[in-house]
Each structure stands twice: as C-alpha cells, then as structure tokens.
Amino acid sequence: MITTLLIGSATELYAQSETPEFDRLKGAFEDNRVFTAFFSHEYKDSFTGERQYSEGRIWIGKDRYKIEGQNQIMVVDGETSTVYDGSKNRVIVSDYIEEEDDFAPSRMLQGVDETFTVQEESLPSGEFRVTLKSDDPFSIFMEVQIYLTSNGEPLRIEAIDQVENVLVTQFLEGSFIRDEQNEMFTMEIPEDAEFIDLRQGS
C-alpha cells in the first residue's frame, strides 16, 4: 500500500511539471553526471556581422566545463579559468567571471538563473525544444533555446544576448557519463610550460 502511494505521488508530481524534459536534463547534472560530446560553436556579432567559430570536444558538469580544441585546452570550474595554449606552451589561470562568459554551456543547460521563464514543446522530429526568456536588463541572455533528443540529451543551444549577438552551439555524439575517477576536468600540462597567474591577490 505504501509503495503504491509513493509511486502514485511521484507520477502526480511528474505530471504537474510543465517542463518534464528540462527537469530531466537538470536532474542529470544534479546527479553529478557529465555530458560529453564533439561540438561546434559559432558567435555572430550583431553590430559588425563578424563570426567566430570554434570546435572540439567538450565535457559539461553541474558547475564546470572543459573544452579541448586545436592546440588548446580550457577548464572552468565556477571559480577559476585555466587555459593551456599548446602553440605557445603557456598556461593562463584567472578568476572566472560568469558575466563575461559568452559560452557558459553549464549555465545555459540548467536554466541560467531564476529570472528566466521556461517553456518546452515536443517537435515533429521527436526532439524537444526548451525556451528560456528573461526581461531582466542585467541578464546576459535575452533568450536561450535548447534542443534535446528524445532521450533528453542536448543537441543544440541557440542563444541571443542583450545586444542581440547570436551564439549557436551544436553537439554531436553526445552522452551522459559518470566521472568515476574525478579526472574529466583535469588537464596534463608540460613541465616546461610558462605559467601566468592573473587571479586577484595571487
């Protein structure tokens, strides 16, 4: 009887949610799973029309992410940004300033912040689209759209910031995995690399 009540209550709570797929996505990160994929990222400047493009492999956790691109590795852990530039054999460590990060996939995939309203819809393709909007003038983004597979894995993020710059991130061969050895957000740096620490008070 108790089991039946618990199952019934859980079903009722799930049915009440207007964004079950987005809740499932956030739940995966809350469960300390890591989303990893090959990615391409394009930034379009609305004023100049200039486009910036990057691609590589990405790992996204609850409050951190790691990118491996051509000759460069970057790890952001919510407090610190560490970038290794292989072409210059140089490491730069700096304070992470969330407001200055125009990529921040870990934030986008979890709702950005409480000023955003969230809606989701199922698409004819079987995918889901989650739309986050904010009227807060201090928010980095005005709108973020997240496309998910039928299994709840991110396919694409399309974001528009306050000055209407457009950011599009595509994910390929994405999946959620567990960081059992706690090694996904580390990087190997050559011993002879130049080290530059830009953190305040360092």
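Keep in mind that what you see is a predicted model, and the values were worked out from it rather than measured.

Parameters at a glance
- Residues numbered from 1 in each chain as written.
- Predicted model: local features only at pLDDT ≥ 70, side-chain atom pairs only at ≥ 80, totals over all residues.
- Heavy atoms only, no water.
- Salt bridge = Lys/Arg side-chain N within 4 Å of Asp/Glu carboxyl O.
- Helix = DSSP H or I, 4+ residues; strand = E, 2+ residues; numbered from the N terminus.
- Buried < 20%, exposed > 50% of the residue type's maximum accessible area, 1.4 Å probe, protein only.
- Contact = heavy atoms within 4.5 Å.
- pLDDT = per-residue confidence, 0-100.
- Pairing = 2+ DSSP bridges.

**A closer look at the pattern of salt bridges**
Side chains bearing opposite charge may pair, as long as their charged atoms lie close to each other.
Line of reasoning, step 1. Under the definition given, this model contains ten salt bridges.
Line of reasoning, step 2. For the salt bridge of R24 with E21, the shortest nitrogen-to-oxygen distance reads 2.6 Å. Note that R24 and E21 are positioned in helix α2 (residues 20-30) at a spacing of three residues, about one turn of the helix.
Line of reasoning, step 3. Put simply, R199 and D197 hold a salt bridge, and the shortest N to O gap is 2.6 Å.
Line of reasoning, step 4. For R199, a relative accessible area of 31% translates into the label partly exposed.
Line of reasoning, step 5. According to the relative accessible area criterion, D197 is partly exposed, its value standing at 28%.
Line of reasoning, step 6. The network of salt bridges with common partners includes D31, R33 and R178.

**Some points on the side chain of T80**
Line of reasoning, step 1. Take T80: it is sitting in strand β5 (residues 80-85).
Line of reasoning, step 2. Setting aside residues no more than four positions away along its own chain, T80 makes contact with V75, V93, S94, Y96 and R199.

**Observations concerning the confidence of the model for the protein**
Line of reasoning, step 1. Of all residues in the protein, 90% have pLDDT values of 70 or greater, and the mean over the chain is 86.
Line of reasoning, step 2. The model gives residues 1-15 a pLDDT under 50, and that stretch makes two contacts with residues more than four places away or in other chains.

**What about the pairing of strand β4 (residues 72-76)?**
Line of reasoning, step 1. Bridge count between strand β3 (residues 65-69) and β4: five bridges; the pairing is antiparallel. Bridge pairing links G69 to Q72 in β4.
Line of reasoning, step 2. The antiparallel hairpin formed by β3 and β4 contains two residues in its connecting segment, where N71 sits at a positive phi of about 65°.
Line of reasoning, step 3. Counted between consecutive antiparallel strands, the loop separating β4 from β5 contains three residues, among which G78 sits at a positive phi close to 95°.

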